[in-house]
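# Residue-level structural notes
Listed below are the residues making up each chain.
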Amino acid sequence: RKEVEQDPGPFNVPEGATVAFNCTYSNSASQSFFWYRQDCRKEPKLLMSVYSSGNEDGRFTAQLNRASQYISLLIRDSKLSDSATYLCVVNRDNNAGNMLTFGGGTRLMVKP
Amino acid sequence: AAGVIQSPRHLIKEKRETATLKCYPIPRHDTVYWYQQGPGQDPQFLISFYEKMQSDKGSIPDRFSAQQFSDYHSELNMSSLELGDSALYFCASGTGLSLGAFFGQGTRLTVV
């Protein structure tokens with residue numbers, strides 16, 4: 001079982017739709033959490049950090065449930081340009097530095 | 001703002017040859033990560049350095065080695081290349097658990 005798991009999708013949604021991605025992590029020592037976006041053949045780019053209190057950045061809302069070890073990303077009013085793979089990433093201190101672990105990614109395709 | 005610089009961007013090598021990939025992290029970042037991403041796969045962690053010391057090791061073959069130098073740049077050395085080593089190799093740098101990591105544009109290695 002992977003340490004960080006995501007539904008691979010693809011999620012095919014029309015423009016303007018709201019879409020939600022979920023992610024679970026198995027290591028309870030994980031300390032910080034992120035969503036990255038990756039376009040085809042490009043590097044992953046940090047989309048947003050995820051906090052227990054929930055955080056919002058424009059059309060994007062991220063939520064963390066530490067008790068359930070569950071992370072979510074909600075995208076409202078989807079745009080064509082949101083089409084990408086969304087990677088859930090967890091970070092933990094392994095006593096010698098940070099350790100970033102990626103989920104398998106969820107592919108989103110927004111259609112006109 | 002300065003980003004993570006990787007070189008070369010593209011590299012073609014023959015089987016059994018050696019390759020060296022370079023990474024220049026964002027200034028003042030204390031952690032460097034190396035990831036390998038095959039076609040259609042999520043980034044797989046290879047190795048990381050914290051303050052120039054190796055901090056963690058993932059699924060890195062024995063044929064690969066890496067180091068971080070006094071100027072904080074890092075090199076990934078790959079020997080006895082195999083066809084299956086063809087992939088995108090990303091370097092990322094970061095500092096602190098809560099800030100995530102920032103990726104370079106990657107080196108696309110093709111082994112023929």
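Treat the numbers as computed from the prediction; the structure is a model and nothing was measured.

## A few points about the layout of surface pockets
- Looking at the largest pocket, its volume works out to about 570 Å³.
- Lining the largest pocket are 25 residues; nearest its centre among them are Cys40 and Arg41 of chain A together with Gln37, Gly40 and Gln41 of chain B.
- Mapped onto the lining of the largest pocket, the elements with two or more residues apiece are strand S9 (84-93) and strand S11 (106-111) of chain A together with strand S9 (87-94) and strand S11 (107-111) of chain B.
- Grouping the constituent residues of the lining of the largest pocket by class yields nine nonpolar, ten polar and six charged.
- Empty space within the second largest pocket amounts to approximately 210 Å³.
- Lining the second largest pocket we find 14 residues, and of these Lys2, Thr101 and Phe102 of chain A together with Gln44 and Phe45 of chain B sit closest to its centre.

## Considerations on the sheet that holds strand S8 (residues 70-75) of chain A
All names here are of chain A.
- The strand order across the open sheet formed by five strands is S1-S3-S8-S7-S6, and the pairing between neighbours is antiparallel. The strands lining the two open edges of the sheet, one partner per strand, are strand S1 (4-6) and strand S6 (55-57). Recorded for the sheet is a direction-independent mean angle of 20 degrees between the axes of neighbouring strands.

Cut-off values and rules
Residues numbered from 1 in each chain as written. Chains lettered and ligands numbered in written order. Predicted model: local features only at pLDDT ≥ 70, side-chain atom pairs only at ≥ 80, totals over all residues. Heavy atoms only, no water. 1 Å grid on protein atoms, 1.4 Å probe; cavity = no way out; pocket = protein on both sides within 12 Å on 5 of 7 lines; lining within 4 Å. Points joined across faces, edges and corners; volume = space filled by probe spheres on them. Helix = DSSP H or I, 4+ residues; strand = E, 2+ residues; numbered from the N terminus. Nonpolar A, V, L, I, M, F, W, Y, C, P; charged D, E, K, R; others polar. Pairing = 2+ DSSP bridges. Axes fitted to C-alpha atoms, helices over the stretch in contact; angles between N-to-C directions.

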